[in-house]
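Below are the chains, spelled out letter by letter.
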Amino acid sequence: MRKLAIYIFLLLVALVACNKKDDSSTPETASIEIVPEGLNIGVMPTIDCLPIYIAYDRGWLDEAGISVNLVPFTAHMDIDTALVGKSLDGAFTELFRTEYITKKQGVKFYYASTTELQWNLIANKDTRLTRLEQLGDKMIAMTRFSATDYLSDKAFADVKTQANVYRVQINDIGVRYAMLSNNQMDTGWLPEPLFTMAVLNGHRVLKPTKQKDKFGVLAFREKYSKTAENKEKITQLMKVYDRACDSLNKYGFKSYAPELLKYCSADTSVVNRLPKITYIHTEKPADETLAKVHEYLK
């Protein structure tokens, strides 16, 4: 009965996906008010976007004379389609998705910096799962051709399960969290602060990432970044980004609880439990990391 239920669920997910627009279409979430003279940047309710949220809310971007329009999303795949459709100039996203777009649609990107995006695998508390070996006949919420797909492969590379592990494509991280909380999903990959929220609600950590590679990036459409005017905008933006990183490293998450609550729905209990993260100044993705992404996407 368990397998039959899984097959029915996966069929329903596939039917829903088939009825939705494909990757090249404009997502419903991307009704974007473009600021012609400014930077239109896609953001997620995740910890990697916190420096730009701080710079935006504290007026540091205004001080630097930079006009920025932050456009909220809850799925990197929706950001993809907005980038391809030129509704966004750039976005906080991840290397697997941008390199996948380049491979499939020929849209190239300029990487302004890596970011602190990471993912952790967590299990629904009602499943009583504590080890990866127990995930046979269970479901993992993830996104295809993404860091979560790659990390799933890495996690199970040397793990034997008694049955198949089913990867279910749930792109929206808010929906993914809700399905885990509502006992509709066995496990799922979550970024911060959703991961800490899940832990506080009693869900079990299965695979915390200790990834040396930084797959999170702030990427701009290459054609956009090539003009002298736009290059200067991005240069000035990254100076303010570095300032926000320094401030976060000095004062910690608690000093920026208002931004975490406003943009990431993280209340005081979550802010107090977030792991220490060192935000790094502007840096390009490592060649070794890019090579891993390219090899995976072959």
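Predicted model, so just to flag it, every value in this text is computed and none were measured.

Trainee: Would you take a moment to explain the packing of aromatic side chains for this structure?
Mentor: Both the distance between ring centres and the angle between the ring planes are used here to describe each pair of aromatic rings. All told, the structure shown has nine aromatic pairs when counted by the stated rule. Ring geometry for Tyr100 versus Phe145: centroids 4.4 Å apart, planes at 15°, classification stacked. With a gap of 45 residues between them, Tyr100 in helix H5 (residues 95–105) and Phe145 in the loop between strand E6 (139–142) and helix H6 (147–155) connect regions that are remote in the sequence. For Phe145, a relative accessible area of 25% corresponds to the partly exposed category. Each member of the aromatic cluster is reached from another via a ring pair, and the members are Phe96, Tyr150, Phe215 and Tyr296. One cation-aromatic arrangement involves Arg243 over Trp60; the distance from NZ or CZ to the ring centre is 4.1 Å.

Trainee: So what exactly am I meant to see when it comes to the sheet that holds strand E10 (residues 216–221) here?
Mentor: Strand pairing in a sheet is mediated by backbone hydrogen bonds. Such pairs are either parallel or antiparallel. Reading across from one edge, E2-E1-E3-E10-E4 is the order of the five strands in this open sheet, with mixed pairing throughout. What marks the edges here is a single partner per strand, and that holds for strand E2 (68–72) and strand E4 (109–114). On average, each strand axis in the sheet is tilted by 30° relative to the strand beside it, whichever way the strands run. Direction of pairing for E4 relative to E10: antiparallel, over a ladder of five bridges. Pairing of Thr114 across the sheet is with Val217, part of E10. Where helix H2 (residues 50–57) meets the sheet, it contacts strand E1 (39–43), E2 and strand E3 (90–94), and its direction lies at approximately 130° from that of E2.

Trainee: Mind showing me how you'd approach the sheet that holds strand E8 (residues 187–191) here?
Mentor: On the basis of which strands lie adjacent, the open sheet formed by five strands has the order E7-E6-E8-E5-E9 and mixed pairing. Across the chains shown, the open sheet's two edge strands, defined by having one partner strand only, are strand E7 (166–169) and strand E9 (204–207). When the angles between neighbouring strand axes are averaged without regard to direction, this sheet yields 35°. The pairing of E6 with E8 spans two bridges and is parallel. From the neighbouring strand, Ala141 faces E8, where its bridge partner is Gly188.

The rules behind the values
- Residues numbered from 1 in each chain as written.
- Predicted model: local features only at pLDDT ≥ 70, side-chain atom pairs only at ≥ 80, totals over all residues.
- Heavy atoms only, no water.
- Phe/Tyr/Trp six-rings, centres within 6.5 Å; stacked < 30°, edge-to-face > 60°.
- Helix = DSSP H or I, 4+ residues; strand = E, 2+ residues; numbered from the N terminus.
- Buried < 20%, exposed > 50% of the residue type's maximum accessible area, 1.4 Å probe, protein only.
- Lys NZ or Arg CZ within 6 Å of the ring centre and 35° of its normal.
- Pairing = 2+ DSSP bridges.
- Axes fitted to C-alpha atoms, helices over the stretch in contact; angles between N-to-C directions.
- Contact = heavy atoms within 4.5 Å.

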